[in-house]
Amino acid sequence: MYIYKVAVIGAGAMGSGIAQVISYAGIPVILKDVKKEQVDRGLAAVRHIYQGRVDRGKMTASEMEQKMALVTGVTDYSGFSDVDLVIEAIFEDVSVKQKLFCELELVCSENTLLTSNTSSLPISAIAAPTKRPEKVIGFHFFNPAPAMKLVEIIPGMATSRETIDDLVMFSESIRKIPIRVTECAGFLVNRLLMPYLNEASMSLQEGEAEASALDKTMVAFGMPMGPFALLDTIGIDVSVKVAEILYDAYGPRMKPAKILNALYHAGRLGVKSGFGFYGPYGDSEQSGNVSTDGLSEIVSAIGASKSSSHVSLSSRLVMSMVNEAVIALQEGVASANDIDIAMMAGTGFPQDKGGPLHYADQIGIDTVLSELKKLAAEQGERFWPAPMLKRMVDANYLGKKTGQGFFRY
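Presented here is a report on the structure given in the accompanying data block. (Residues numbered from 1 in each chain as written. Predicted model: local features only at pLDDT ≥ 70, side-chain atom pairs only at ≥ 80, totals over all residues. Heavy atoms only, no water.)

**Things to note about empty space enclosed by the protein**
Rules: Residues are called lining when one of their atoms sits within 4 Å of a cavity or pocket point, these points coming from a 1 Å grid over the protein atoms alone, where a cavity is a set in which a 1.4 Å probe fits but cannot get out and a pocket is an open set with protein on both sides within 12 Å along at least five of seven lines. Grid points are joined across faces, edges and corners, and a volume is the space filled by probe spheres set on the points. Helix and strand labels come from DSSP, where a helix needs a run of H or I of at least four residues and a strand needs a run of E of at least two; each type is numbered from the N terminus. For this classification, the nonpolar set comprises Ala, Val, Leu, Ile, Met, Phe, Trp, Tyr, Cys and Pro, the charged set comprises Asp, Glu, Lys and Arg, and every other residue, Gly included, is treated as polar.
Within the structure shown, the criterion is met by one cavity of 30 Å³ or more. In this model, the largest cavity occupies a volume close to 160 Å³. Lining the largest cavity are 14 residues, and of these Pro195, Arg253, Met254, Ser320 and Arg382 sit closest to its centre. Those elements giving two or more residues to the lining of the largest cavity turn out to be α7 (189-205) and α13 (313-330). In terms of residues, the lining of the largest cavity owes the most to one element, α7, which gives four residues. Within the lining of the largest cavity, the residues separate by chemical class into seven nonpolar, three polar and four charged.

**A few points about the pattern of salt bridges**
The condition that has to hold: Only one rule defines a salt bridge in this text: a Lys or Arg side-chain nitrogen within 4 Å of an Asp or Glu carboxyl oxygen. The rule is simple: take the accessible area with a 1.4 Å probe, protein chains only, and divide by the maximum for that residue type; under 20% is buried, over 50% is exposed, in between is partly exposed.
Taken as a whole and judged by the stated rule, the model has 16 salt bridges. Between Asp82 and Lys5 there is a salt bridge, with the nearest N and O atoms lying 2.8 Å from each other. Of this pair, Asp82 sits in the loop between β3 (71-74) and β4 (85-88) while Lys5 is found in the segment before β1 (6-9), placing the two residues 77 residues apart along the sequence. A salt bridge links Lys36 to Asp40, with the shortest nitrogen-to-oxygen separation between them at 2.8 Å. Of the two residues, Lys36 and Asp40 both sit in helix α2 (residues 36-55), four residues apart, roughly one turn of that helix. Looking at Lys36, the relative accessible area reads 54%, which means it is exposed. Note on Asp40: relative accessible area 37%, which makes it partly exposed. When salt bridges with common partners are traced through the structure, they connect Arg191, Arg253, Glu324 and Glu331 into a single cluster.

**Points about the nonpolar core**
Quick reminder of the rule: Working definition of a nonpolar core: buried Ala, Val, Leu, Ile, Met, Phe, Trp, Tyr and Cys residues. They are joined through side-chain atoms within 4.5 Å. Contact criterion: two residues are considered in contact whenever any of their non-hydrogen atoms come within 4.5 Å of each other.
Residues Leu188, Ile259, Phe277 and Phe406 are the most contacted members of the largest nonpolar core, which totals 100 residues. The contacts of Ile259, once residues within four sequence positions are left out, are Ser201, Leu204, Gln205, Phe277, Leu295, Ile298, Val299 and Ile302. In terms of nonpolar packing, the next biggest core, distinct from the first, is built from 32 residues, Val6, Met64, Ala145 and Ile174 among them.

This is the structure in structure tokens:
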């Protein structure tokens, strides 16, 4: 099915970014929210993205106006009767999303694809109360949507093959890289990214490193920004919510670091609130001179014991990601190639390292297993090696040095 018209529900940062991406591809898009001022802010955000392109000489003012003419703002379901695709981008609450999707069935065509931009909630649960669950599917963009190429496509238990194929084709038409992910808590990218961010938070609360030093270490490794800068950008509130979902689904290996909740309850939500691991952000005269004022008191209040490790901090963080990638591969969440593409496109994992599974092959599967065993002994069972790693070492599938690992060489 060709997508001629799209509706985006939720005119926040994600929704407005998605609307810009779709209009840039030449497709009319309705941007809906509950209040006019929210819709107006969303439309202004779309215009701001386009204005940035004009300022950089990538489009003319006339071309910007042509693209803006494709975006319509509404506070009701006006124009929804002939949309081919709806993208829900509201806050993370299953019951609210369920109610919304049931409403959409009443105002949209029976052929309309109903998609959710949820980052971690179960698609099957969102689809459960609807009459057309075969048309419901996860469509997870990454922030900022205009810049990030990856989209995760997550079928629910009842999603039809036709719905999957239509959404893959649409994703490619708007210049995104679609990765199909088997439904699971956190899907793929957040499931692999959160252990990395959580481990950074653990090391900070244990006094292993300062935030700025660890951020510099991971940038030197090749990440586009350090874990604490990323947490502040994502939002501590969002990170806490995702961490809780993953902990509920996977148990002890995903137990959230105490400092995340401490920052959340202190109102230090990151960029959006002015302070997080760093600050101040925003309109303050000190903005840009990012410091960790007040963070040491929160760390001290947690009272976490300092750990001693024979493994470097960068390895500790990266191994948490690699191990979860292997577990996801074992479970059939995605193929080895798609896992690596998703982590490079969705998190900026260094391209020269090829993604977490290619990186494991580079350094040797036996090395990965050895590092994880040390970490499990020192840090606890969250580092217990994925069973697949042990099987690979026993079979001499050690990566590049033997010509066979997660990939052939």
